[in-house]
Amino acid sequence: MDSLAAQLQMQYRNYILSLYQQGFLDDQFTELKSLQDDGSPDFVAEVLSLFFDDCVKLVGNMARALDQTGTVDFSQVGASVHQLKDSSSSVGAKRVKGLCITFKELCEAKNYEGCVRCLQQVDIEYKTLKAKLLDMFMFEKQIVQAGGIIPQVDIN
Amino acid sequence: MARDGGVSCLRSSETMRVGIGGMESPPLDLDDVHVLAVDDSLVDRIVIERLLRITSCKVTAVDSGWRALEFLGLDNEKASAELDRLKVDLIITDYCMPGMTGYELLKKIKESSSFRQVPVVIMSSENVLTRIDRCLEEGAEDFLLKPVKLADVKRLRSSLTRDVKLSNANKRKLPEDSVPVNTSLPPPPSPFTISPDSSDSSPPSTISPESSDSSPPLSPVEIFSSPLSSLLDDEDDDVLPSSPESSPAPEESPVRRQKMGSPGLD
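Residues numbered from 1 in each chain as written. Chains lettered and ligands numbered in written order. Predicted model: local features only at pLDDT ≥ 70, side-chain atom pairs only at ≥ 80, totals over all residues. Heavy atoms only, no water.

Quick word on the overall build of chain B
Stage number 1. Across its full length, chain B carries 7 helices and 5 strands.
Stage number 2. Shown N-terminal to C-terminal, the secondary structure of chain B runs as helices and strands in the order α-β-α-β-α-β-α-β-α-β-α-α.
Stage number 3. By residue count, 42% of the 266 residues in chain B fall in the buried class.
Stage number 4. Partitioning the intrachain contacts of chain B with sequence separation of at least 6 by distance along the chain shows that 70% fall at a separation of at least 24. (Helix = DSSP H or I, 4+ residues; strand = E, 2+ residues; numbered from the N terminus. Buried < 20%, exposed > 50% of the residue type's maximum accessible area, 1.4 Å probe, protein only. Contact = heavy atoms within 4.5 Å.)

Rendered as structure tokens:
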């Protein structure tokens, strides 16, 4: 049993490190993790869950705003992009945030095709992140069930 | 928690001076700092609330400037007399909010006789010096760059308990580095093809229902996935993740069926 937990812990560490190395997460995510403790063991999961709710809602808003036959209200698109940029920044979703920064500029430039392409990327990106974080939580669950504790991963 | 954007915390008059059974109000101590947090983003509200709670503050979180004014009794309808016991020690507000900006809220608070002494801190994701200056000139105690960190809140907290006029201390938060504008697209994500659900590996047999001592109603995985069940498989596939590689190709990480939920684009 011990070796299973240890093996999972090592895999978990590597997995977390890879998420940072590939730019999915930044140190705001580390900050969020540090706010979690035994008294609030699900804090990170809760925040992320709300974040992904936000993604669904805001991507929907952007899509609808871009889907207007006739003139597109880029400021409306931009408002949703701004909100998503803020949310992603708050949870450490680095790639999503980066895309939002680009997206915002495209809105300001009223670049329709650029916006449409960027929206598709945002859609892919947040879903990718969600899958990765779900895996992370699964790892944690398995470590605990194998009798181990979830390691603190030092990303520096 | 103020999930619905409404007021989530009892007013001081209700918590401190309950006359039932001769209950006495607790002595004023460090834990009695009450902060009103204002942010239209739910994610940010939850985070700031957590940061404040960790630093032993009582928190009321609202989702707009109007709700904040309503809570403070500064909206036109409420008489302020009934709220003379409302105790707010700090107001922390987002700058960019629809309807009333944090700056406008700041002005209204500073115009009121009952609350103008309350320190107001502005948060913003944008590092714009003119904005910072304008807020400080209008009487903001501090300006925090988002995302707000625990260190920022701790600093605020210790300023509150120290009986020192904040105007003598650091007023302006000078970020070490300005927010870079990313003018180029980030590297595209690894091709993430949508594969059919191929979770055929059996779940580990040791999985048991939640049995931790401080068992929350839902496990982190369940909390995480449940509101978004439309994007995920409905079945609870407990797939053992394969050993992660540095470049996780879809075949090597557990596959989730992802409906590219049509945002109206093809």
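Section: the confidence of the model for chain B
Residues and elements named next belong to chain B.
Stage number 1. Here chain B shows a mean pLDDT of 68. Residues at 70 or above account for 45%.
Stage number 2. For the stretch residues 176-183, pLDDT sits under 50, and the model shows 12 contacts to residues farther than four places along the chain or on other chains.
Stage number 3. The low-confidence segment residues 227-266, where pLDDT is below 50, has 88 contacts with residues more than four positions distant or belonging to other chains. (pLDDT = per-residue confidence, 0-100.)

Points about the UniProt feature "modified residue: Phosphohistidine" (unreviewed entry) in chain A
Stage number 1. Annotation from UniProt places "modified residue: Phosphohistidine" (unreviewed entry) at A:His82.
Stage number 2. Tracing the sequence through the fold places A:His82 in helix H4 (residues 74-91).
Stage number 3. Contacts of A:His82, omitting those with residues within four sequence positions, involve A:Lys104, B:Cys96, B:Ser125 and B:Glu126. (UniProt positions renumbered as here; feature names shortened; annotations may be inferred.)

Overview of the UniProt feature "modified residue: 4-aspartylphosphate" (unreviewed entry) in chain B
Residues and elements named next belong to chain B.
Stage number 1. Taking the numbering used here, the UniProt-annotated feature "modified residue: 4-aspartylphosphate" (unreviewed entry) corresponds to Asp94.
Stage number 2. Along the chain, aspartate 94 falls in strand E3 (residues 90-94).
Stage number 3. Not counting residues within four places of it along the chain, the set of residues in contact with aspartate 94 comprises Val38, Asp39, Asp40, Gly102, Met123, Ser124 and Lys146.

Focus: the packing of helix H3 (residues 65-72) of chain B against helix H4 (residues 102-111) of chain B
Residues and elements named next belong to chain B.
Stage number 1. Where H3 contacts H4, the two axes come as close as 10 Å, and the packing angle between them is 20°. If you check the angle between H3 and H4, you find them roughly parallel. When you trace H3 past H4, the crossing you get is right-handed. Touching Gly65, Ala68, Leu69 and Leu72 of H3 are Leu105, Lys108 and Ile109, all from H4.
Stage number 2. Residue classes in the contact of H3 with H4 are distributed as 5 nonpolar, 1 polar and 1 charged. (Axes fitted to C-alpha atoms, helices over the stretch in contact; angles between N-to-C directions. Parallel < 35°, antiparallel > 145°, perpendicular 65-115°, else oblique. Left-handed = near helix turned anticlockwise from the far one by under 90°. Nonpolar A, V, L, I, M, F, W, Y, C, P; charged D, E, K, R; others polar.)

Here we look at the sheet that holds strand E5 (residues 142-145) of chain B
Residue and element names in this part refer to chain B.
Stage number 1. Within the open sheet, the 5 strands sit side by side as E2-E1-E3-E4-E5. Their pairing is parallel. Looking at the sheet topology across the chains shown, the edges are occupied by strand E2 (57-62) and E5. Taken over all neighbouring pairs, the strand axes of this sheet differ in orientation by 20° on average, direction set aside.
Stage number 2. Relative to E2, strand E1 (residues 33-38) runs parallel, the two being bridged by 6 bridges. Its bridge partner lying in E2, valine 33 is registered against cysteine 57.
Stage number 3. Lying over the sheet, helix H2 (residues 42-54) contacts E1, E2, E3 and strand E4 (120-124), oriented at roughly 165° with respect to E2.
Stage number 4. Here H3 sits on the sheet in contact with E1, E2 and E3, set at roughly 150° to E1. (Pairing = 2+ DSSP bridges.)

A short note on the nonpolar core
It is characteristic of soluble globular proteins that their nonpolar side chains tend to be buried jointly.
Stage number 1. A:Phe51, A:Phe103 and B:Ile92 are the most contacted members of the largest nonpolar core, which totals 75 residues.
Stage number 2. Ranked by the residues each element gives to this core, the list is headed by helix H3 (residues 43-66) of chain A, at 15 residues.
Stage number 3. Once residues within four sequence positions are removed from consideration, B:Ile92 is found in contact with B:Val35, B:Leu36, B:Ala37, B:Val38, B:Ile48, B:Leu52, B:Val121, B:Met123, B:Leu144 and B:Leu156.
Stage number 4. Counting residues in each nonpolar core, the second largest holds 26 residues, with B:Leu69, B:Met97, B:Met100 and B:Phe115 among its members. (Core = buried A, V, L, I, M, F, W, Y, C linked by side-chain atoms within 4.5 Å.)

Observations concerning the pattern of salt bridges
Stage number 1. Within this structure, the stated rule accounts for 14 salt bridges over all chains.
Stage number 2. One salt bridge connects B:Glu126 with A:Lys104, and the closest N-O pair in it is separated by 3.2 Å. You can see B:Glu126 sitting in the loop between E4 and helix H5 (129-137) and its partner A:Lys104 sitting in helix H5 (residues 94-108), one on each of two chains. Judged on exposure class, the residue B:Glu126 and its partner A:Lys104 are both buried.
Stage number 3. B:Asp94 is the salt-bridge partner of B:Lys146, the closest N and O atoms lying 3.3 Å from each other. Here B:Lys146 is found in the loop between E5 and helix H6 (150-161), whereas its partner B:Asp94 is found in strand E3, with 52 residues between them in sequence.
Stage number 4. Among the residues examined, B:Lys146 registers a relative accessible area of 10% and is labelled buried.
Stage number 5. Overlapping salt bridges, with partners in common, bring together A:Lys85, A:Lys104, B:Glu126 and B:Arg131 in one network. (Salt bridge = Lys/Arg side-chain N within 4 Å of Asp/Glu carboxyl O.)

Observations concerning the packing of aromatic side chains
Describing an aromatic ring pair means giving the distance of the ring centres and the angle of the ring planes.
Stage number 1. Counting across every chain of the model gives 5 aromatic pairs over all chains.
Stage number 2. Note on A:Tyr15 and A:Phe139: the rings are 5.7 Å apart at their centroids and 45° apart in plane angle, and the pair reads as tilted. Here the residue A:Tyr15 occupies a position in helix H1 (residues 2-21), and A:Phe139 occupies one in helix H6 (residues 112-145), the gap between them amounting to 124 residues. Per residue, the accessibility class of A:Tyr15 equals that of A:Phe139, and both read buried.
Stage number 3. Connected via pairs of aromatic rings, a cluster forms that spans A:Tyr12, A:Tyr15 and A:Phe139.
Stage number 4. Across from the ring centre of B:Tyr103, 4.1 Å away, lies the NZ or CZ of B:Arg134, which sits over that ring. (Phe/Tyr/Trp six-rings, centres within 6.5 Å; stacked < 30°, edge-to-face > 60°. Lys NZ or Arg CZ within 6 Å of the ring centre and 35° of its normal.)

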